[in-house]
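Reading the structure
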Amino acid sequence: AGGAAAALVGRSAGGATSELSGPVIVTSWEFGPGANEVGWPILADEGLAIDAVEAAINYVELLPDEFYVGFGGSPNAIGETTLDAMMVWGPTHEVGAVGCLKRVKRAVSVARKVMEETQHTLLVGDDATRFAARMGFDETSLTNAASQKAWEEWAAKGRPSDAWDPEPMGEGGKIEGRDTVGTMAVDAHGNVCVGCSTNGRSFKLPGRVGDSPIAGAGAYCDNDVGAAIATGNGDVMMRFLPTYHAVELMREGASPAEAAEAALRRIDAKGYHFDGGIIVLGKDGEHGGAKRGWKDEAFGYAVHRGAGTSQVTVRG
Ligand code: GLY
């Protein structure tokens, strides 16, 4: 459709008028290409970025074998999988989010309902589940054979959750693991949207909510500038609002890669040692990322802007 090739006039990160590159969708990690393939046709048909972001994230949430997002993934310390998710809609700067959502699979869609059907921003726990049921979502167990096995093996070791350990302030103190689908899109109308969804840190204490449903922490966007998503140790990263920081740096003229790196450097400066990454998308379609840790993981993201998906590896 026409949207794919459209050159749009809009405002660049610096505030000057610039040529936008047309619709674009960016999704974190190795499920990025599949998610973008689901979201892209919506953008190509001149649909809204919010619909593309929701569809892309739903695709990952419903993958049966994805351990860090959606059902059947990393359980908490009592064996239950709970979900955090958020959407930020650039044109109105509305935010909808759910934290510690139980027994509902499409967490990002519940987050969208919070945004569109209420004046609230964040609902949590069983009350978020009750809200979802009222919005017509099915209630179902989020446990599957993989998450049950993971929890049984962990529980058999008899160790307490690593949430009781000292803060990750030095080499060896960091929390391993990875997580979180984050998707950002700019549509043919110049709307920016970002969303994210995760089942969060493995064996977390019951009730724990991570960075994903916190605006400016797990994700952020500004319709004049662009968007950013975070993944990794949310317990550390949410203390610094790194996606807000990255978008604001871009507003001041930083490139996406520079903004991502500078936001992580702010966390380094306080002495934290963690696995984490930030991916940033300018409204003009420029993108970049930065990471810490994940020495043995290929952290990256996928970009789709009409000629298929390209994959970007973020080097540390
Ligand atoms: N980054 C996801 C979490 O820590 O929950």
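To keep things clear, this report deals only with the structure shown in the data block. Note that the structure is a prediction, hence the values are computed from the model and not measured. (Residues numbered from 1 in each chain as written. Predicted model: local features only at pLDDT ≥ 70, side-chain atom pairs only at ≥ 80, totals over all residues. Heavy atoms only, no water.)

**Considerations on the sheet that holds strand β12 (residues 287-292)**
With antiparallel pairing, the four strands of this open sheet are ordered in space as β9-β10-β11-β12. Each edge of the open sheet is held by one strand with a lone partner, namely β9 (219-222) and β12. If you compare each strand with its neighbour and ignore which way they point, the axes differ by 10° on average. As judged from the six bridges shared by strand β11 (residues 276-282) and β12, these two strands associate in the antiparallel manner. In the sheet register, Val 280 faces β12, and the bridge partner there is Gly 288. On the sheet, helix α8 (residues 256-268) packs against β11 and β12 and is oriented at approximately 25° with respect to β12. (Pairing = 2+ DSSP bridges. Helix = DSSP H or I, 4+ residues; strand = E, 2+ residues; numbered from the N terminus. Axes fitted to C-alpha atoms, helices over the stretch in contact; angles between N-to-C directions. Contact = heavy atoms within 4.5 Å.)

**What to know about the state of the cysteines**
With the rule as written, the count across this model stands at zero disulfides. Cys 100 takes part in no disulfide bond, and the closest cysteine sulfur to it belongs to Cys 196, at a distance of 15 Å. Not part of a disulfide, Cys 196 finds its nearest cysteine sulfur in Cys 193, a span of 10 Å. (Disulfide = S-S within 2.5 Å.)

**Some thoughts on the sheet that holds strand β5 (residues 94-101)**
Sheet architecture is open: eight strands sit in the order β6-β5-β4-β8-β7-β3-β13-β14, paired in mixed fashion. Two strands close off the open sheet at either side, each with one partner strand: β6 (122-124) and β14 (309-313). Here the average twist between neighbouring strands, direction ignored, is 10°. Two strands pair when backbone bridges link them, and strand β7 (residues 181-186) and strand β8 (residues 192-198) are joined in this way by six bridges, in the antiparallel orientation.

**So, the pairing of strand β3 (residues 24-28)**
Burial analysis of β3 places five of its five residues in the buried class, which makes it a mostly covered element. Both faces of β3 are covered, namely the face carrying Val 24, Val 26 and Ser 28 and the face carrying Ile 25 and Thr 27. Looking at chain direction, β3 and β7 are connected through four bridges and run antiparallel. Counted as the bridge partner of Val 26 is Met 184 from β7. Here β3 pairs with strand β13 (residues 300-304) via four bridges, running antiparallel. Counterpart to Thr 27 in the pairing with β13 is Ala 302. (Buried < 20%, exposed > 50% of the residue type's maximum accessible area, 1.4 Å probe, protein only.)

**Details of the nonpolar core**
Formed by 59 residues in total, the largest nonpolar core has its most connected members in Val 26, Val 98, Leu 101, Val 110, Met 184 and Val 194. The element best represented in this core is helix α2 (residues 49-61), accounting for seven residues. With sequence-adjacent residues up to four places away left out, Val 98 is seen in contact with Leu 83, Asp 84, Ala 85, Ala 107, Val 110, Ala 111, Val 114, Leu 122, Leu 123, Ala 128 and Pro 213. In this structure, Ala 230, Ala 246, Met 250 and Leu 264 belong to the second largest nonpolar core, which totals 20 residues. (Core = buried A, V, L, I, M, F, W, Y, C linked by side-chain atoms within 4.5 Å.)

**Focus on the packing of aromatic side chains**
For the coordinates displayed, the defined rule picks out six aromatic pairs. Between Trp 29 and Trp 294, the aromatic rings sit 4.9 Å apart at their centres with planes inclined by 85°, giving edge-to-face as the arrangement. In this pair, Trp 29 sits in the loop between β3 and α1 (32-44) while Trp 294 sits in the loop between β12 and β13, placing the two residues 265 residues apart along the sequence. Judged by relative accessible area, Trp 294 falls into the buried class, the value being 3%. Ring geometry for Tyr 220 and Tyr 244: centres 5.1 Å apart, planes at 75°, overall edge-to-face. Within this pair, whereas Tyr 220 is found in strand β9, its partner Tyr 244 is found in helix α7 (residues 242-251), the two being separated by 24 residues in sequence. For Tyr 220, a relative accessible area of 11% corresponds to the buried category. Put simply, the rings of Trp 29, Trp 294 and Phe 299 pair up and form one aromatic cluster. (Phe/Tyr/Trp six-rings, centres within 6.5 Å; stacked < 30°, edge-to-face > 60°.)

**Topic: the site of the ligand**
Residues in contact with the ligand, as listed here, are Asp 179, Thr 180, Gly 200, Arg 201, Arg 208, Gly 210, Asp 211, Ser 212, Gly 232 and Gly 234. Contact distances for the ligand include 3.4 Å between a nitrogen atom and a side-chain N or O atom of Thr 180. Separating an oxygen atom of the ligand from a side-chain N or O atom of Arg 208 is a distance of 2.7 Å. Within the complex, the protein chains bury 99% of what would otherwise be the 200 Å² of accessible surface of the ligand. Considering only residue class, the shell around the ligand consists of no nonpolar, six polar and four charged. (Near = heavy atom within 4 Å. Polar contact = N/O pair within 3.5 Å; in protein donor to acceptor, adjacent residues only side chain to side chain. Areas by Shrake-Rupley, 256 points an atom, 1.4 Å probe, with all protein chains shown as cover. Nonpolar A, V, L, I, M, F, W, Y, C, P; charged D, E, K, R; others polar.)

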